[in-house]
Every structure is written in C-alpha cells, then in structure tokens.
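Listed below, chain by chain, are the residues.
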Amino acid sequence: MAIKITDECINCGACEPECPNNAIYEGGVEWAMADGTTIKGSYVLMDGSSIDADQRNAPIAVDSYYIVPNKCTECQGFHEEPQCAAVCPVDCCVPDEMFQETEEELLAKKAKLHI
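Notes on the structure follow. In this text, all values refer to a predicted model and were calculated from it rather than measured experimentally. (Residues numbered from 1 in each chain as written. Predicted model: local features only at pLDDT ≥ 70, side-chain atom pairs only at ≥ 80, totals over all residues. Heavy atoms only, no water.)

**Re the overall build of the protein chain**
When you go through the protein chain residue by residue, the secondary structure sums to two helices and six strands. Mapped in sequence order, the helices and strands of the protein chain form the string β-β-β-β-β-α-β-α. The globule rule puts the C-alpha radius of gyration for 115 residues at 13 Å, and the 13 Å found for the protein chain is close to it. Dimensions along the principal axes, computed over C-alpha positions, put the protein chain at roughly 35 × 30 × 25 Å. If you take every contact in the protein chain between residues at least 6 apart in sequence, the share linking residues at least 24 apart comes to 73%. With the model as given, the accessible surface of the protein chain reaches about 6200 Å², and the carbon-plus-sulfur share is 50%. (Helix = DSSP H or I, 4+ residues; strand = E, 2+ residues; numbered from the N terminus. Rg over C-alpha atoms; globule rule 2.2 N^0.38 Å. Contact = heavy atoms within 4.5 Å. Areas by Shrake-Rupley, 256 points an atom, 1.4 Å probe, with all protein chains shown as cover.)

Set out below in structure tokens:
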C-alpha cells in the first residue's frame, strides 16, 4: 500500500529528497505524474481515470508535506523499506490503509513510472 504523511508532520522536509519516485511534495505545491519519472503522455491513475503526465494537479495537502498515492511504491524495487519512513524524525510516514497494494502491484507501478 502507499505511504501517507499524518498530521504529526513537522514540515522538516527530510522525506522529500529520499523518494525515488518524486511522490512527496511540500504542502501547497502542485504535483504531476511526470515529476521525477519517465512518464510521457496519458497516464491511467489507480482509480481508472486518465490524466496527462505533465498536467499540474491541485495539492493533496496545504499545511504539510504529502505523498501522491499514484506515485508511491513504498520504495519497492529501490530499497528494503520506505525511505520517507526511515528518515522521518517523528514517524509520521505510515501505510495508507486506503490504498492496499501487493508487492507485485507496487513493482508493476514502479515499472510504469520508470520505463
């Protein structure tokens, strides 16, 4: 499953540079599927909708860092554990129960993000 950042976030920013998928954004910053990935053109999101990879999307959070679930692979294929959780000083990077994914699904997502 994807990782989420809880309300305990102190906005230290330690997690952002650690993400191999560029799935972590500062609060209030727009995101795009193309950021930090090799995706070009149309991309199908987990909910079945399609967006242009370069399309700027509304921030998921305004007051704290956030993780885009469609880009989070829990660092599968890159590291042994989610790097955001490993570096977080307040342990606010936790599994997001709303996005249940198997290891195989996470690896397939990684393959789509980094062709």
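**A few points about the layout of surface pockets**
Its volume calculated, the largest pocket comes out at about 160 Å³. Looking at the largest pocket, the residues that line it are I3, K4, I5, I60, A61, Y65, Y66, I67, P69, D96, M98 and F99. Looking at the lining of the largest pocket, the elements that each hand over two or more residues are β1 (3–5) and β5 (66–67). Broken down by element, the lining of the largest pocket gets its largest block of residues, three residues, from β1. For the lining of the largest pocket, a count of residues per class yields ten nonpolar, no polar and two charged. (1 Å grid on protein atoms, 1.4 Å probe; cavity = no way out; pocket = protein on both sides within 12 Å on 5 of 7 lines; lining within 4 Å. Points joined across faces, edges and corners; volume = space filled by probe spheres on them. Nonpolar A, V, L, I, M, F, W, Y, C, P; charged D, E, K, R; others polar.)

**Concerning the packing of aromatic side chains**
Under the defined criterion, the tally for this structure stands at one aromatic pair. The positively charged end of K110 is found above the aromatic ring belonging to F78, 4.9 Å away from the centroid. (Phe/Tyr/Trp six-rings, centres within 6.5 Å; stacked < 30°, edge-to-face > 60°. Lys NZ or Arg CZ within 6 Å of the ring centre and 35° of its normal.)

**Digging into the nonpolar core**
Judged by nonpolar contacts, the single largest core of 15 residues is most densely connected at I5, I24, I67 and C84. Among residues more than four places away in sequence, those in contact with I24 are I5, C15, E16, C19, Y65, Y66, I67 and C84. Counting 13 residues, the second largest nonpolar core, distinct from the first, contains A34, A53, Y66 and L113. (Core = buried A, V, L, I, M, F, W, Y, C linked by side-chain atoms within 4.5 Å. Buried < 20%, exposed > 50% of the residue type's maximum accessible area, 1.4 Å probe, protein only.)

**Quick word on helix α2 (residues 103–113)**
If you check which residues of α2 are buried, you get L106, K109 and L113. All buried residues of α2 project into a common sector of 60° when viewed along the axis, lining one side. Contacts from the buried residues of α2 go to β3 (42–44). (Arc of directions from axis to C-beta.)

**Some points on the environment of M46**
In this structure, M46 sits in the loop between β3 and β4 (50–52). Distance in space between the C-alpha atoms of M46 and W31 is 16 Å, their sequence separation being 15 residues. In contact with M46, other than residues within four places in its own chain, are P69, N70, F99, E101 and K109.

Function cannot be inferred from these measures alone, as they are strictly geometric.
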